[in-house]
Amino acid sequence: IKNLAVIEILNMTLSEIHSSDLKPFPELKILILTANKLEVIEKDLFEFNEKLEVIELTGNKIKKIDPNVFDHLKSLSTLSLNSCDGKSRTEVEKVVKLVQDKKCLHE
């Protein structure tokens, strides 16, 4: 499982995820968590997953996303999020900057 490259959890009731949940998967490249009940994306969520290329978070109820959560993901090419309603201006601006730098936002 250490070499697992894709995790896909769709249409479930996943309401939270922590870096410790993803720590066993250092080779993770694709993380799809579409249509769950996630509300918070914490700063350290991907600290053990530096090889992530694709993150799909659409269809969740995200209310807070740490603006620095993607900073160390140098291979990130695709980031899919819901609209930014309800997020602070600073959070939105930082995520938008990442998106502009990476050209990777899909809504």
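Residues numbered from 1 in each chain as written. Predicted model: local features only at pLDDT ≥ 70, side-chain atom pairs only at ≥ 80, totals over all residues. Heavy atoms only, no water.

Draft legend 1. Region of the structure containing the overall build of the chain. What the chain contains, in helices and strands, is 2 helices and 7 strands. When the elements of the chain are put in sequence order from the N terminus, they spell out β-α-β-β-β-β-β-α-β. Buried residues in the chain amount to 36% of all 107 residues. A separation threshold of at least 6 residues defines the contact pool for the chain, and within that pool the share at least 24 residues apart is 56%. Accessible surface, the chain: about 6200 Å² in total, of which carbon and sulfur atoms supply 52%. (Helix = DSSP H or I, 4+ residues; strand = E, 2+ residues; numbered from the N terminus. Buried < 20%, exposed > 50% of the residue type's maximum accessible area, 1.4 Å probe, protein only. Contact = heavy atoms within 4.5 Å. Areas by Shrake-Rupley, 256 points an atom, 1.4 Å probe, with all protein chains shown as cover.)

Draft legend 2. Seen up close, the environment of Lys-61. Along the chain, the position of Lys-61 falls in the loop between β4 (54–56) and β5 (64–65). For Lys-61 and Ala-35, which are 26 residues apart along the polypeptide, the C-alpha to C-alpha distance reads 8.7 Å. If we skip the residues at most four places from it in the chain, Lys-61 touches Leu-38 and Glu-39.

Draft legend 3. Quick peek at unusual backbone geometry. Despite not being glycine, Asn-11 shows a phi value in the positive range, around 50 degrees. By the secondary structure assignment, Asn-11 is in the loop between β1 (6–8) and α1 (19–22). Assessed through its relative accessible area of 60%, Asn-11 is described here as exposed. If you check the backbone angles, Ala-35 has positive phi at about 60 degrees while not being a glycine. Residue position: Ala-35 is located in the loop between β2 (30–32) and β3 (40–41). For Ala-35, a relative accessible area of 24% translates into the label partly exposed.

Draft legend 4. Summary view of the packing of aromatic side chains. What the rule picks out here adds up to 1 aromatic pair. Relative to Phe-70, the ring of Phe-46 has its centre 6.1 Å away and its plane inclined at 25 degrees; by these criteria the two rings are stacked. Linking Phe-46 in the loop between β3 and β4 with Phe-70 in the loop between β5 and β6 (78–80), this pair joins segments that are 24 residues apart in sequence. (Phe/Tyr/Trp six-rings, centres within 6.5 Å; stacked < 30°, edge-to-face > 60°.)

Draft legend 5. Representation of the confidence of the model for the chain within the structure. Averaged over every residue, the pLDDT of the chain is 83; residues scoring 70 or more account for 76%. A low-confidence stretch, residues 103–107 stays under pLDDT 50, and its non-local contacts, those more than four residues away or across chains, total 15 contacts. (pLDDT = per-residue confidence, 0-100.)

Draft legend 6. Representation of the pattern of salt bridges in the model. Tallied over the entire structure, the rule returns 2 salt bridges. Note that Glu-39 is salt-bridged to Lys-63, the shortest N-O span being 3.9 Å. Taken as a pair, Glu-39 in the loop between β2 and β3 and Lys-63 in the loop between β4 and β5 lie far apart in primary sequence, 24 residues in all. According to the relative accessible area criterion, Glu-39 is partly exposed, its value standing at 33%. (Salt bridge = Lys/Arg side-chain N within 4 Å of Asp/Glu carboxyl O.)

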